[in-house]
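Descriptive structure summary
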Amino acid sequence: PRAIAPLFLFGEENRYPVEVTANEPTEVIEIPKTSVLELFRKNEQFLENYMNLSANYARTLSDKLFFMSFKTIRQKLASYLLRLYKLQQQQLHITLDRSQQELSDYFGVSRPSLARELAHMQEDGLLIADRKHITILQKEELVRLIQ
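In this text, all values refer to a predicted model and were calculated from it rather than measured experimentally.

In this structure, the largest pocket spans a volume of roughly 1400 Å³. What lines the largest pocket is a set of 32 residues, and nearest its centre among them are Arg2, Ala3, Ile4, Ala5 and Ile29. Broken down by element, the residue count for the lining of the largest pocket peaks at six residues, all from helix H2 (residues 44-68). Among the residues making up the lining of the largest pocket, the classes are represented as 22 nonpolar, five polar and five charged. Reported here for the second largest pocket is a volume of approximately 210 Å³. For the lining of the second largest pocket, the secondary-structure elements that each account for two or more residues are H2, helix H3 (73-87) and helix H6 (139-145). Per-class residue counts for the lining of the second largest pocket are six nonpolar, three polar and five charged.

Attention now goes to the nonpolar core. In terms of nonpolar packing, the biggest core is built from 24 residues, with Leu77, Tyr80, Leu96, Leu103, Phe107, Ile134 and Leu142 touching the most fellow members. Mapped by element, the contributors of at least two residues to this core are H3, helix H4 (100-107), helix H5 (111-123), strand E3 (133-136) and H6. With seven residues, the top contributor of residues to this core is H3.

By secondary structure assignment, the location of Leu96 is in the loop between strand E1 (93-95) and H4. For the pair Leu96 and Glu140, spaced 44 residues apart in sequence, the C-alpha to C-alpha distance is 20 Å. When sequence neighbours within four positions are dropped, the list of residues in contact with Leu96 reads Tyr80, Leu81, Leu84, Leu103, Arg131, Lys132 and Ile134.

A few words on the packing of aromatic side chains. In the structure shown here, the tally under the stated rule is seven aromatic pairs. Centre to centre, the rings of Tyr80 and Phe107 are 5.8 Å apart; their planes meet at 85°, and the pair counts as edge-to-face. Residue Tyr80 is located in helix H3, and its partner Phe107 is located in helix H4; the two are separated by 27 residues in the primary sequence. Neither residue differs from the other here; Tyr80 and Phe107 are each classed as buried. Following the ring pairs from residue to residue traces out a cluster consisting of Phe10, Phe40, Phe46 and Tyr50.

Right, let's talk about the pattern of salt bridges for a bit. Taken as a whole, this structure holds six salt bridges when the rule is applied. Across the pair Glu38 and Arg41 runs a salt bridge, and its minimum N-O distance is 3.3 Å. Note that Glu38 and Arg41 are positioned in helix H1 (residues 33-42) at a spacing of three residues, about one turn of the helix. In this structure, Glu141 and Arg144 form a salt bridge, with 2.6 Å as the shortest nitrogen-oxygen distance. Of this pair, Glu141 and Arg144 both sit in helix H6, separated by three residues, roughly a single helical turn. Its relative accessible area of 49% is what places Arg144 among the partly exposed residues. Here the residues in one salt-bridge network are Glu38, Arg41 and Lys42, joined through shared partners.

Calculation criteria
All residue numbers here refer to positions counted from 1 along the written sequence of the relevant chain. At least 70 in pLDDT is required for a residue's local features to be given in this predicted model, at least 80 for side-chain atom pairs to be given and counted, and no such filter applies to totals for whole chains, interfaces and linings, which use all residues. In computing side-chain properties, one takes all heavy atoms of the structure into account and sets aside hydrogens as well as water. Using a grid of 1 Å spacing that covers the protein atoms alone, one calls a set of points a cavity when a 1.4 Å probe fits there but cannot get out, and a pocket when the set is open and has protein on both sides within 12 Å along at least five of seven lines; lining residues are those with an atom within 4 Å of a point. Grid points are joined across faces, edges and corners, and a volume is the space filled by probe spheres set on the points. Secondary structure elements follow DSSP: runs of H or I of four or more residues count as helices, runs of E of two or more count as strands, with numbering from the N terminus. In the scheme used here, Gly and all other residues not listed as nonpolar or charged are polar, with Ala, Val, Leu, Ile, Met, Phe, Trp, Tyr, Cys and Pro taken as nonpolar and Asp, Glu, Lys and Arg as charged. Among buried residues, the Ala, Val, Leu, Ile, Met, Phe, Trp, Tyr and Cys ones that are joined through side-chain atoms within 4.5 Å form a nonpolar core. Relative accessibility under 20% of the residue-type maximum defines a buried residue, over 50% an exposed one, and the middle range a partly exposed one, all with a 1.4 Å probe and only protein chains included. Should any heavy atoms of two residues lie within 4.5 Å, those residues are counted as being in contact. The rule is short: rings of Phe, Tyr and Trp, with Trp giving its six-membered ring, pair when the centres are within 6.5 Å, and they are stacked under 30 degrees, edge-to-face over 60, tilted in between. Basic side-chain nitrogens of Lys or Arg form a salt bridge, by our definition, when they fall within 4 Å of a carboxyl oxygen of Asp or Glu.

What follows is the structure, given as structure tokens:
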């Protein structure tokens, strides 16, 4: 099971602001707010799981807003690569956790534009890109791009 809108269960204006369409036969279970509150009171693990799920959703939304604050694809790429650098034990050789299409969707740009910017960054000596494998050559320059 996957929660669709855990952040919208509580709050004054708690309407989910998008439409959801299933790509395959799906069962939907709606749990009323009162039942969720009762589960919180009776089951600490349920409460902790709900809080973790909500925090992960909030983090994803925060990341998206952060990326949208950058005006250029180069800035978005620099920020993303530096985040992977930290997650992958500060290795200069990193592996992308998304395909170029998924990454372009995440950044809100076209895949050809993303590929072109990766090529430009490689031409500028910032990195070496080989499919999902990236070698960061000028980490300080990437940091400067997002400051």
